[in-house]
Amino acid sequence: MAKIAFIYPGQGAQKPGMGKDFYENSELAKAVYDKASELLQIDMKALCFEENEKLDLTEYTQAALVTTCLAMTKVVEERGLKPDVTAGLSLGEYCAISVAGGMKEEDAIYLVRKRGILMQNTVPAGEGAMAAILGMDASVIEEGIKDLEGVTVANYNCPGQIVITGETKAVEKAAEILKEAGAKRAVLLNVSGPFHSPMLKQAGEELAKEMEKVEMEPLQIPYVTNVTAEYVTDIRETKKLLAEQVAASVRWQESVERMIAEGVDTFVEIGPGKTLAGFLRKIDRSVKVYNIGTWEDIDKVVLELTV
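Conventions and cut-offs
Residues numbered from 1 in each chain as written. Predicted model: local features only at pLDDT ≥ 70, side-chain atom pairs only at ≥ 80, totals over all residues. Heavy atoms only, no water. Axes fitted to C-alpha atoms, helices over the stretch in contact; angles between N-to-C directions. Helix = DSSP H or I, 4+ residues; strand = E, 2+ residues; numbered from the N terminus. Parallel < 35°, antiparallel > 145°, perpendicular 65-115°, else oblique. Left-handed = near helix turned anticlockwise from the far one by under 90°. Contact = heavy atoms within 4.5 Å. Nonpolar A, V, L, I, M, F, W, Y, C, P; charged D, E, K, R; others polar. Salt bridge = Lys/Arg side-chain N within 4 Å of Asp/Glu carboxyl O. Pairing = 2+ DSSP bridges. Buried < 20%, exposed > 50% of the residue type's maximum accessible area, 1.4 Å probe, protein only. Arc of directions from axis to C-beta. Core = buried A, V, L, I, M, F, W, Y, C linked by side-chain atoms within 4.5 Å.

Chemist: Could you clarify how one ought to interpret the packing of helix 9 (residues 201-211) against helix 10 (residues 238-245) in this entry?
Modeler: The geometry of a pair of packed helices is captured by two quantities: the angle between their axes and the separation between those axes. Remark: helix 9 packs on helix 10, axes separated minimally by 8 Å, with the N-to-C direction vectors making an angle of 150 degrees. Classified by the angle their axes make, helix 9 and helix 10 are roughly antiparallel. Like other packed secondary-structure pairs, helix 9 and helix 10 cross with a definite hand, here right-handed. Where helix 9 abuts helix 10, its residues Gly 204, Leu 207, Ala 208 and Met 211 lie against Lys 239, Leu 242 and Ala 243. Partitioning the contact of helix 9 with helix 10 into residue classes produces five nonpolar, one polar and one charged.

What follows is the structure, encoded as structure tokens:
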């Protein structure tokens, strides 16, 4: 019998129209969007389903993406497909915790809205940047930037794709150094801040205060945290980990490897896009990977995994 992980994407996966077919076809999914609209006083349908400039702004992106992924998951679980463990990349971790039973949907949506605002506003525009370093080992990147102030690793996504973050000039300099050292490409990312950088430590501290308003629930299944790439079974650890996560490196490759070591052989990426599936193919091609991002995906994935 398959051991299944539900995995959730981070910022960058969002796209206009995401989740619209779920909203139109499922009362359960519709209820999640409507609840988010009422809670945040944002027209979530307009934000997620229509072409607009807000969807790529961090303060809106995070709530929109988490709402969409949770709405999709409601339908998947209604069809009888359940995970043994969950994980999410960056803001996707909030979906993972909610689906694992540790947080009510409305609290996950509320917190990522606050998180997005804090992350966008803590560092003034233009002062922070991120760059994807392609075709270079993580150890070589770490060695290459160790003497540079103001730049650190943001994401360990998969072999050959590492993201660096920090002060704009430091990131630009690091990108040049790493390219000269043999990186296949060094691409500055179109983001509004230096995510997962120590520059956002204050945002994490402010988020910790917001989390005091939220009551966590006992976990029904474990989830894997970005901060340590370890299984979390005690919900009392979660608030501290989420506060740290804002300014810490995302250890996604290690998280996936940990789940595989624990016997996970099937990953289901729930949400728009196929970013995590792409990472998985580079991490370990022996495991099965499925995507549920459209209404049509549900029947074929659920049928295959529940028969």
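Chemist: What is the right way to look at the pattern of salt bridges in this model?
Modeler: Working definition: two side chains of opposite charge can pair if their charged atoms are close together. For the coordinates displayed, the defined rule picks out 16 salt bridges. A salt bridge links Arg 236 to Asp 234, with the nearest nitrogen and oxygen atoms 3.0 Å apart. Between Lys 240 and Glu 244 there is a salt bridge, with the nearest N and O atoms lying 2.6 Å from each other. In this pair, Lys 240 and Glu 244 both sit in helix 10, four residues apart, roughly one turn of the helix. The network of salt bridges with common partners includes Lys 35, Lys 74, Glu 105 and Glu 106.

Chemist: Help me understand the sheet that holds strand 6 (residues 185-188) in this model?
Modeler: The strands that make up a sheet are held in pairs by hydrogen bonds between backbone atoms, and each pair lies either parallel or antiparallel. Spatially, 4-5-3-6 is the arrangement adopted by the four strands of the open sheet, whose pairing is antiparallel. Strands with a single pairing partner mark the edges of an open sheet, and in this sheet they are strand 4 (151-158) and strand 6. Across the sheet, the axes of successive neighbouring strands diverge by a mean angle of 25 degrees, strand direction being ignored. For strand 4 and strand 5 (residues 161-167), the ladder comprises six bridges, and the chain directions are antiparallel. Bridge pairing in strand 5 links Thr 152 to Thr 165. Those strands touched by helix 8 (residues 168-180) are strand 3 (128-134), strand 4, strand 5 and strand 6, and its axis lies near 145 degrees from that of strand 5. Those strands touched by helix 12 (residues 275-283) are strand 4 and strand 5, and its axis lies near 80 degrees from that of strand 4.

Chemist: Even after reading the chapter, I still don't get helix 12, so can you show me in this structure?
Modeler: For an α-helix, the turn length of 3.6 residues means that residues three or four places apart are oriented alike. Of all the residues in helix 12, the buried ones are Leu 276, Ala 277, Phe 279, Leu 280 and Ile 283. Projection of helix 12 onto a plane perpendicular to its axis shows the buried side chains occupying an angular sector of 160 degrees, all on one side. Each element contacted by the buried residues of helix 12 is listed here: strand 1 (4-8), strand 4, strand 5, helix 11 (252-261), strand 9 (266-270) and strand 10 (288-292).

Chemist: Please clarify how the environment of Ile 162 should be interpreted in this entry.
Modeler: As for its position among the elements, Ile 162 is in strand 5. Separated by 91 residues in the primary sequence, Ile 162 and Gln 253 place their C-alpha atoms 10.0 Å from one another.

Chemist: Mind showing me how you'd approach the nonpolar core here?
Modeler: Looking at soluble globular proteins, one finds that nonpolar side chains tend to be buried together. Ranked by internal contacts, the top residues of the largest apolar core, which has 77 residues, are Phe 6 and Met 44. In terms of residue count, the dominant contributor to this core is helix 4 (residues 58-78) (eleven residues). The residues touching Met 44, leaving out its near neighbours within four places in the chain, are Tyr 33, Ala 36, Ser 37, Phe 49, Ala 63, Ala 64 and Thr 67.

It is worth stressing that arrangement in space is one thing and function is another; only the former is reported here.
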